[in-house]
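Notes for the structure review
Okay, here's what each chain looks like letter by letter:
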2 protein chains.
Amino acid sequence: MNFEFIILGSSSGRPTADLYQSAYVLNIHNNYILLDCGEGAQMQLFKYGIPIMKINHILITHLHADHFIGLIGLLNTYNLLKRDKPIHIYAPKGLEEIIQVQFKHAGKVASYPIYFHELNMNQNTKVIETPTLEVYSFPVNHRIECNGFLFREKAHLRNINPELVSELKHLPNEVYQILKRSKDYEFENRIYEYEKYTLPPPKSRTFAFVTDTLKDNLYIKHIQGVDMLFHEATFTDEHEELTTETFHSTARQAAEIGQEAQVKKLIIGHFSTRYKDFETHLKEAREIFPNTFLAEQGKRFEIQTAQV
Amino acid sequence: MNFEFIILGSSSGRPTADLYQSAYVLNIHNNYILLDCGEGAQMQLFKYGIPIMKINHILITHLHADHFIGLIGLLNTYNLLKRDKPIHIYAPKGLEEIIQVQFKHAGKVASYPIYFHELNMNQNTKVIETPTLEVYSFPVNHRIECNGFLFREKAHLRNINPELVSELKHLPNEVYQILKRSKDYEFENRIYEYEKYTLPPPKSRTFAFVTDTLKDNLYIKHIQGVDMLFHEATFTDEHEELTTETFHSTARQAAEIGQEAQVKKLIIGHFSTRYKDFETHLKEAREIFPNTFLAEQGKRFEIQTAQV
């Protein structure tokens, strides 16, 4: 059961010849979710072999150009590839108008349904629920309305204890599903206790995605204790004074957020193109939060399953 | 005096991991003109070291996504770089709405004036005139309205014959400009004939750009005899039947146009991503028009100055 975060691009504002703007993929149980879609995101999807037809959900944090302008290209490519499966786009109000005006002037109609879901930019809201996953959005503190996202696996079923499975073999098949769901099973006046016959399930995994924000207590409660946090880290300490002007964070501030929210692992990205490399970002963040890693293009970060 | 055509991207429809969509630069006398602006065009501008602040004119052939969706990213980057010089965009009706709706939702105002010039999509029209250059647009035959462009250097001045320049030294300085402009000069009852004292100027150079069209006689008169023609060549002979469905051309048809219009040199591009390489395109075109070259990313094609 995968739970993987993949970096397509993590450049802030403008791209360079090699560094792409914000675009990330979550692969959760082989369902692919695209997080932001900067210019050229589709080229990075091709480059890193992401099965683009398995992307059914696209989440856009906010409507600054570097976070969504690759979307029209991807939607157009789906048309060329004759996609018929619907796609769901979760974004601030306005994105639908931006996309539709481009289809209109191209004289095109998408070959597949596009569902636009307008995000609530003011409070924590559940935006997606599947049989195995819940996704929440919550406001962060940027120049324009901007959301972060929390991804939470639903509780897994308990596992039948393989050492005792032989004692269940004479029972009707339904016994397994009932015990796995933490219910005792009764048969011919005997009780089979789920706590005896099953083992605890793996822990539900959590991932939070926070980009384009001032460091702020506002959103800490929504990301508390997550297994992995992506947090923007546009600047190093040297340019800390730019954070209040641009509503961005330093690597150190991202690490402080990671520490305060007691997350297990921190990925930093959304780096300003003024830096030649991001080693200073990494060093400054690790002084506060040692388990920090850089969002380098093509990198994949897996959250392993763990027993409770 | 440069006259150079530079390939940023020449992929048809969608990009691949490495091949960018339509985007080309003309460098005429160190004035840079961007022709189409597919996704990621700005990254290619950075990669090939084009001085992006020297681009003052952007021409968009038509409003299919692969020909303009990199524009909003470039305009946004100009903002980040605090451009103040105006930029002029020549495009079909609709592009202004597409761009303005994106600025609106981003809560941004450009730091520089953007002038949108709506192209006449029905007839040959002069769209740009500078002291040294004229640019014309003319309709081609695509699924939606689409224009080609012709670039023509204005007549150069004649050159003073260096072997006779000593005979002019005692005259007022104005003599040089008058003779260069093909006028005789009179001084103290003597006539200095421009034909004697000057040499013919270099020939005015011409370049035509034709993409996204069925092969059609419609536009041949506008590109007659140009020094260099870029013509789309989406398909090889193998897929010729797709041309009428998609309103595109084969490499052979591009070569036939080059031959019929008696151009001097042909560049073919806008290749479908179904092909692994474009050697078959080149072979099929050269059977008709030997002086054909492939529009490969990063390639630069110079038109040399030549005496009349």
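This write-up is about the structure you can find in this document.

Reading guide: rules and limits
Just so you know, the residues in each chain are numbered from 1, in the order the chain's sequence is written. Key to labels: chains lettered from A, ligands numbered from 1, both in the order written. Where totals are concerned, whole chains, interfaces and linings use all residues; where local detail is concerned, this predicted model gives features only for residues with pLDDT of at least 70, and gives and counts side-chain atom pairs only at 80 or more. Hydrogens are left out, water is left out, and the side-chain values use all remaining heavy atoms of the structure. Secondary structure is summarised from DSSP: a helix means a run of H or I of at least four residues, a strand means a run of E of at least two, and numbering begins at the N terminus for each. Type-normalised accessible area, obtained with a 1.4 Å probe on protein chains alone, sets the label of each residue: buried when under 20%, exposed when over 50%, and partly exposed for intermediate values. The sign given to each residue is positive for Lys and Arg and negative for Asp and Glu; His and the chain ends receive no count. A charge is said to be at NZ when it belongs to Lys, at CZ for Arg, at CG for Asp and at CD for Glu. Any pair of N or O atoms that falls within 3.5 Å is considered a polar contact. Within protein, one atom must be able to donate a hydrogen and the other to accept it, and sequence-neighbouring residues count only if both atoms are side-chain atoms. Copy-to-copy superposition: least squares on the C-alpha atoms, limited to residues that have pLDDT of at least 70 in both copies. In this analysis, two residues are considered to be in contact whenever any of their non-hydrogen atoms come within 4.5 Å of each other. Two strands qualify as a pair provided that DSSP identifies no fewer than 2 bridges between them. Axis lines are fitted to C-alpha atoms, over the contacting stretch for helices. Their N-to-C directions set the angle, which ranges from 0 to 180 degrees. A residue counts toward a patch only above 30% relative accessible area and without a salt bridge, and it is joined to like-charged neighbours within 9 Å or, for Val, Leu, Ile, Met, Phe, Trp and Tyr, to nonpolar neighbours within 5 Å. Shrake-Rupley sampling with a 1.4 Å probe provides the accessible areas, and residues are treated as covered by the protein chains on show and by no other component. Whenever Lys or Arg places a side-chain nitrogen within 4 Å of a carboxyl oxygen from Asp or Glu, that contact is recorded as a salt bridge. Here the quantity called buried area is the accessible surface, traced with a 1.4 Å probe, that two parts lose on coming together, added over both. Two aromatic rings, drawn from Phe, Tyr or Trp (for Trp, its six-membered ring), form a pair once their centres lie within 6.5 Å of each other, and the interplanar angle then sorts them: stacked below 30 degrees, edge-to-face above 60, tilted otherwise. The criterion for a charge sitting over a ring is simple: Lys NZ or Arg CZ within 6 Å of the ring centre, and within 35 degrees of the ring normal. Throughout this description, the term nonpolar core refers to a set of buried Ala, Val, Leu, Ile, Met, Phe, Trp, Tyr and Cys residues connected via side-chain atoms within 4.5 Å. Viewed with both strands pointing away, a crossover whose connecting path from the first strand over the helix to the second turns clockwise is right-handed.

1. Thoughts on the overall build of chain A
- Summing up its helical and strand segments, chain A has nine helices and 18 strands in all.
- Along the first, second and third principal axes, the C-alpha set of chain A runs to 70 × 55 × 35 Å.
- Burial statistics for chain A: of 308 residues in total, 57% are counted as buried.
- Here chain A contributes 33 positive and 38 negative side-chain charges, whose respective centroids are spaced 5 Å apart.

2. Description of the environment of Arg274 of chain A
All names here are of chain A.
- Positionally, Arg274 belongs in the loop between β16 (266–269) and α9 (279–288).
- Each C-alpha atom of the pair Arg274 and Phe138 lies 29 Å from the other, and the pair is 136 residues apart in sequence.
- Side chain to side chain, Arg274 and Ser272 meet in a polar contact 3.0 Å long.

3. Here's the deal with the relation of the copies chain A and chain B
- The two copies are related by a screw operation: chain A maps onto chain B through 180° of rotation and 0.0 Å of translation along the axis, at an RMSD of 0.1 Å. Each copy turns onto its partner about a two-fold axis. Scanning chain A for the C-alpha nearest the rotation axis identifies Gly40 of chain A, at a separation of 2.8 Å.
- Interface residue correspondence from chain A to chain B reaches 100%, placing this contact among same-surface, isologous pairings.

4. Examining the sheet that holds strand β5 (residues 87–91) of chain A
Residue and element names in this part refer to chain A.
- One open sheet holds the seven strands; their spatial order is β6-β5-β4-β3-β2-β1-β18, and the pairing between them is mixed. Every interior strand has two partners, whereas the edge strands, β6 (114–118) and β18 (300–302), have only one. In this sheet, adjacent strand axes meet at a mean angle of 20° when their direction is disregarded.
- Here strand β4 (residues 55–59) pairs with β5 via three bridges, running parallel. By the bridge assignment for β5, His57 is matched with His88.

5. Overview of a negative patch on the surface
- Where like charges cluster on the molecular surface, the negative patch consists of Glu238, Glu240, Glu241 and Glu245 of chain A.
- Here Glu245 of chain A shows up in helix α7 (residues 242–246).

6. Remarks on the interface of chain A and chain B
- Contact with chain A, which involves 40 residues of that partner, is made by 40 residues of chain B.
- Where chain A abuts chain B, roughly 3100 Å² becomes buried across the two surfaces, and 64% of that area is made up of carbon and sulfur atoms.
- Among the residues chain A hides against chain B, the three largest losses belong to Glu39, Met43 and His105 of chain A. Together they make up 20% of the total.
- Our enumeration of links across chain A and chain B arrives at two salt bridges.
- Salt-bridge contacts for Lys104 of chain A lead to Glu97 of chain B; the nearest nitrogen and oxygen are separated by 3.3 Å.

7. Regarding the sheet that holds strand β18 (residues 300–302) of chain B
Residue and element names in this part refer to chain B.
- The strand order β6-β5-β4-β3-β2-β1-β18 describes an open sheet built from seven strands, whose pairing is mixed. Either end of the sheet is taken by a strand with one partner, and the two such strands are β6 (114–118) and β18. Taken over all neighbouring pairs, the strand axes of this sheet differ in orientation by 20° on average, direction set aside.
- Looking at chain direction, strand β2 (residues 23–28) and strand β3 (residues 31–37) are connected through six bridges and run antiparallel. Looking at β3, one finds that Leu26 is bridged to Ile33.
- Running over the sheet, helix α2 (residues 71–80) touches β3, β4 (55–59), β5 (87–91) and β6 and is turned about 170° from β5.

8. Re the side chain of Arg14 of chain A
- Mapping Arg14 of chain A onto the fold places it in the loop between β1 (3–9) and β2 (23–28).
- Although Arg14 of chain A lies buried, it forms no salt bridge, and the closest oppositely charged side chain, Glu39 of chain A, sits 10 Å away as judged by the N-O distance.
- Not counting chain neighbours up to four residues away, the residues in contact with Arg14 of chain A comprise Gln21 and Thr273 of chain A together with Phe46, Thr77, Leu80 and Leu81 of chain B.

9. A short note on the packing of aromatic side chains
- Per the stated rule, a full pass over the model turns up 24 aromatic pairs over all chains.
- On the basis of an interplanar angle of 55° and a centroid distance of 5.7 Å, the ring pair of Tyr192 of chain B and Tyr197 of chain B is categorised as tilted. In this structure, Tyr192 of chain B and Tyr197 of chain B share a single accessibility class: buried.
- Taken together, the aromatic side chains of Phe5, Tyr24, Phe151, Phe207, Phe209 and Phe230 of chain A make up a single cluster linked through ring pairs.
- Lying across the ring of Tyr112 of chain A, Arg83 of chain A places its NZ or CZ 5.8 Å from the centre.

10. Quick notes on the nonpolar core
- The biggest cluster of nonpolar side chains holds 70 residues, and the ones touching the most others in it are Leu75 of chain A together with Leu75 of chain B.
- Residues within four places of Leu75 of chain B in sequence aside, it is in contact with Ile87, Ile89, Ile99, Phe103, Tyr112 and Ile114 of chain B.

11. Some remarks on the environment of Leu63 of chain B
- Topologically, Leu63 of chain B is positioned in the loop between β4 and α2.
- Residues Leu63 of chain B and Glu153 of chain B lie 90 residues apart in sequence; the distance between their C-alpha atoms is 28 Å.
- Ignoring anything within four residues of it in the chain, the contact list for Leu63 of chain B reads His105 and Ala106 of chain A together with Phe68, Pro92, Lys93, Gly94, Leu95, Ile98 and Ile144 of chain B.

12. Let's talk about helix α9 (residues 279–288) of chain B
- Of the residues making up α9 of chain B, those classed as buried are His281, Leu282, Glu284 and Ala285 of chain B.
- Buried residues along α9 of chain B sit in contact with α8 (251–260), β16 (266–269) and β17 (292–294) of chain B.

13. Looking at α8 of chain B
Residue and element names in this part refer to chain B.
- Looking at α8, one finds that the buried residues are Ala251, Gln253, Ala254, Ala255, Ile257 and Gly258.
- Summarising the contacts, the buried residues of α8 are in contact with α6 (220–223), β15 (228–232), α7 (242–246), β16 and α9.
- Gln262 lies just past α8 and shows a positive phi near 50°.

14. Topic: the pairing of β6 of chain B
All names here are of chain B.
- As judged from the five bridges shared by β5 and β6, these two strands associate in the parallel manner. Pairing of Ala91 across the sheet is with Glu118, part of β6.
- Following the backbone out of β5, through helix α3 (residues 95–106) and into the adjacent parallel β6, one traces a crossover that is right-handed.

15. Description of the environment of Ser137 of chain A
Residues and elements named next belong to chain A.
- The residue Ser137 is located in strand β8 (residues 133–139) in this model.
- Sequence-distant contacts of Ser137, that is, excluding residues within four places in its chain, are made with Leu119, Asn120, Gln123, Asn124, Thr125, Val127, Asn147, Gly148 and Phe149.
- A distance of 3.5 Å separates polar atoms of two side chains, one belonging to Ser137 and the other to Asn147.

16. Here we look at the pattern of salt bridges
- All told, the structure shown has 28 salt bridges over all chains when counted by the stated rule.
- When the shortest N-O distance is used, the salt bridge between Glu153 of chain A and Arg205 of chain A registers 2.7 Å. Highlighted residues: Glu153 of chain A in strand β9 (residues 147–153) and Arg205 of chain A in the loop between β13 (198–199) and β14 (206–210), separated in sequence by 52 residues. Side by side, Glu153 of chain A and Arg205 of chain A carry an identical accessibility label, which is buried.
- The shortest N-O distance in the salt bridge between Asp227 of chain B and Lys203 of chain B comes to 3.8 Å. One end of the pair, Asp227 of chain B, is in the loop between α6 and β15; the other, Lys203 of chain B, is in the loop between β13 (198–199) and β14 (206–210), with 24 residues separating them in the sequence.
- Shared partners join several salt bridges into a network, and the residues in it are Lys126, Glu129, Glu134 and Lys154 of chain A.

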